[in-house]
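For reference, the chains in residue letters:
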Amino acid sequence: MESLALHCSFAAAAATTTTPFSLSPGISLHFRSTPIPKSPPPSIFPPSSSFPALRSPLNSLLFSPLPKRRNPLLFLTRATSQNGKDPPPQTTPPPPPQGAKLLPFLISISIGLIVRFLIPIPVEVTLQAWQLFAIFLSTITGLVLSPLPVGAWAFLGLTTSIVTGTLPFTTAFGAFTNEVIWLIVISFFFARGFVKTGLGDRIATYFVKWLGKSTLGLSYGLTLSEALIAPAMPSTTARAGGVFVPIIKSLSLSAGSRPGDPSSRKLGSYLVQSQFQASTNSSALFLTASAQNLLCLKLAEELGIIILNPWVSWFKAASLPALVSLLLTPLILYKFYPPEIKDTPDAPAMAAKKLEQMGPVTKNEWIMVGTMLLAVTLWVCGDTLGIPSVVAAMIGLSMLLLLGVLDWDDCLSEKSAWDTLAWFAVLVGMAGQLTNLGIVSWMSGCVAKSLQSLSLSWPVAFVVLQASYFLIHYLFASQTGHVGALYSAFLAMHLAAGVPGVLAAMALAYNTNLFGSITHYSSGQAAVYYGVFLRFCWFSILTLDSNGG
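Keep in mind it's a predicted model, so treat the numbers as computed, not measured.

(A) Just the overall build of the chain, in detail. When its secondary structure is counted, the chain shows 23 helices and 0 strands. Within the chain, buried positions represent 52% of all 549 residues. The long-range fraction of contacts in the chain, counting pairs at least 24 apart against all pairs at least 6 apart in sequence, stands at 79%. Per element, the accessible surface of the chain, about 24,200 Å² overall, is 68% carbon and sulfur.

(B) Spatial organisation of the environment of Arg-265. Relative to the helices and strands, Arg-265 resides in the loop between helix H10 (236-254) and helix H11 (268-285). When its relative accessible area of 30% is taken as the criterion, Arg-265 is described as partly exposed. Spatially, the C-alpha atoms of Arg-265 and Glu-340 are 6.1 Å apart, while their sequence positions differ by 75 residues. When neighbours within four sequence positions are excluded, Arg-265 is seen to be in contact with Ser-257, Tyr-337, Pro-338, Pro-339 and Glu-340. Here Pro-338 takes part through its backbone oxygen, which lies 3.3 Å from a polar atom of the side chain of Arg-265.

(C) Focus on the pattern of salt bridges. For the coordinates displayed, the defined rule picks out 7 salt bridges. A salt bridge links Asp-410 to Arg-192, with the shortest nitrogen-to-oxygen separation between them at 3.8 Å. A residue pair is termed long-range when its members are at least 10 positions apart, and Asp-410 in helix H17 (residues 408-412) and Arg-192 in helix H7 (residues 179-197) qualify at 218 residues. The class of Asp-410 is buried, set by a relative accessible area of 10%. Notably, a salt bridge pairs Asp-410 with Lys-196, separated by 2.6 Å at the nearest N-O pair. Of this pair, Asp-410 sits in helix H17 while Lys-196 sits in helix H7, and the two are 214 residues apart along the sequence. Residue classification places Lys-196 among the partly exposed residues on the basis of a relative accessible area of 43%.

(D) Region of interest: the confidence of the model for the chain. In the predicted model, the chain carries a mean pLDDT of 78, and the fraction of residues at 70 or more is 79%. Scored below 50 in pLDDT, residues 1-85 makes 176 contacts in the model with residues more than four places away or belonging to other chains. This model gives residues 535-549 a pLDDT under 50, and the stretch forms 30 contacts once residues within four places in sequence are excluded.

(E) Quick peek at the packing of helix H12 (residues 291-302) against helix H22 (residues 501-514). Running from amino to carboxyl end, H12 crosses H22 at an angle of 155°, the nearest separation of the two axes being 10 Å. Taken together, the axes of H12 and H22 lie roughly antiparallel to each other. Here the hand of the crossing between H12 and H22 comes out right-handed. Contact residues: Gln-292, Asn-293, Cys-296, Leu-297 and Ala-300 in H12; Ala-505, Met-506, Ala-509, Thr-512 and Asn-513 in H22. Of the residues contributing to the contact of H12 with H22, the split by class is 6 nonpolar, 4 polar and no charged.

(F) A look at the nonpolar core. Counting residues in hydrophobic clusters, the biggest one holds 132 residues, and the most contacted among them are Trp-379 and Tyr-487. Apart from the residues lying within four places of it in its own chain, the contact partners of Trp-379 are Leu-183, Phe-190, Pro-231, Pro-234, Thr-288, Trp-311, Met-372, Ser-389, Ala-392 and Ala-393.

(G) The arrangement of the side chain of Asn-293 in detail. In this structure, Asn-293 sits in helix H12. We classify Asn-293 as buried; its relative accessible area is 0%. The residues touching Asn-293, leaving out its near neighbours within four places in the chain, are Ser-283, Phe-286, Leu-287, Trp-314, Ala-509 and Asn-513.

(H) Region of interest: H7. For H7, with 19 residues, the first-to-last C-alpha span of 27 Å sits near the 27 Å given by 1.5 Å per residue. Among the 19 residues of H7, 14 are classified as buried, and the element is accordingly described as predominantly covered. Count one or two residues on from H7 and you reach Gly-198, which has phi positive near 80°.

Thresholds, definitions, all that
- Residues numbered from 1 in each chain as written.
- Predicted model: local features only at pLDDT ≥ 70, side-chain atom pairs only at ≥ 80, totals over all residues.
- Heavy atoms only, no water.
- Helix = DSSP H or I, 4+ residues; strand = E, 2+ residues; numbered from the N terminus.
- Buried < 20%, exposed > 50% of the residue type's maximum accessible area, 1.4 Å probe, protein only.
- Contact = heavy atoms within 4.5 Å.
- Areas by Shrake-Rupley, 256 points an atom, 1.4 Å probe, with all protein chains shown as cover.
- Polar contact = N/O pair within 3.5 Å; in protein donor to acceptor, adjacent residues only side chain to side chain.
- Salt bridge = Lys/Arg side-chain N within 4 Å of Asp/Glu carboxyl O.
- pLDDT = per-residue confidence, 0-100.
- Axes fitted to C-alpha atoms, helices over the stretch in contact; angles between N-to-C directions.
- Parallel < 35°, antiparallel > 145°, perpendicular 65-115°, else oblique.
- Left-handed = near helix turned anticlockwise from the far one by under 90°.
- Nonpolar A, V, L, I, M, F, W, Y, C, P; charged D, E, K, R; others polar.
- Core = buried A, V, L, I, M, F, W, Y, C linked by side-chain atoms within 4.5 Å.
- Expected span 1.5 Å × (residues − 1).

Printed below as a string of structure tokens:
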């Protein structure tokens, strides 16, 4: 589910904090003059002098605390001032650019202006609808080109719709009360609870202990733990950055497998690819495993497609293909992208040591388990009990706040949640009004006529539209952004082509998860897996260089 803002925050967190599966507490990805005044969590690694290797020992320099490193700029200036003269003053880096990026801004605005003033308004469409359509296209173009951060650009689009009289204020802000959007926001808080209590880390560590004697078994252990956590941790990006990236990073380094280096093929590359692909399958398996799933069903409901008992219906339809994919992905990658290290006999012992250091399950972890079991139960049985999904999530969050697992500062500091609330509500609101004003039906009618002229049956049209929806994601850096922009339009095209409504709605929703792994920028978790490992590669090179390597 996941916005790009979230993956940035988790990528940064994974790169700069010491996690239970991270390197020695003294190591930092940034040059600091003082240590972080916070006791680090227990590390899985023993002292560097007795560090066990997984068949391929790694240079111990990587696992020793870095000596205090001088500022590189100061080092260079002092090195050139050997004659006793005062060193030249430091040059401060230029401030980051402020305001909108000019070229993306001009392109985004031009798209809307061209549609509004140069393209004739179709006779079936009102002036108000066409004007909103132009604003919507400018907003979507800006989400792709990023002249401003996503939330800021969406707010500009919302402001434009009000200033031009296209939408009244109450209508423009109507989507901010949307139940699904608030369910997505609360899911961010649940994810923070998993990371804060260490419950997700503990579950994954148990699977490493049970299945980690071989590289293939290690991959299956991580994949199964991902699937187990997914229904109660509705953020693929949070699972990646908060749980699995630190574990994979530490296991890879302990095997002498470094990112960006030929040694990455020993273990790390395989584990990263396997876990990355598995995350999309686990997100498609459960309705509550990713935020965009909930949004898809909400948008389908606005077009008259009602999914009864959605959690169970989603799982029944997804279970066979998703479970088969989860089971086959590690094996297929093992054959076509094989790791050089086939056995990891020390991984279970390392995991056991880590669990011993973590101690027994804490009270907060038990509360987290109980709360999420209650939430999932209410999500599954909500229709029978008359409890909407968002109310179940509100009950769960209230319990976490009352019992002290989370505090309100945790919620306030979850910037990605509030950012998502802002821009997501704008997109959903605009998409809903485009449907109400007839733009979506007009577009679907045009597509239907084109398909009829080609004499395509609905199964063929289904394949063509699904493939188009999937491949267009190469233009997007967010799954939820893609859904907000195109899901309603493509679903309307399916209906106009005669595709059964439930089939079209569910297939588009499943594809929304699957295209999250096609590129390194296609989703939040993609950027986490890709970005964190690139930074860690840079850090490893600096570490070797600073020690004379």
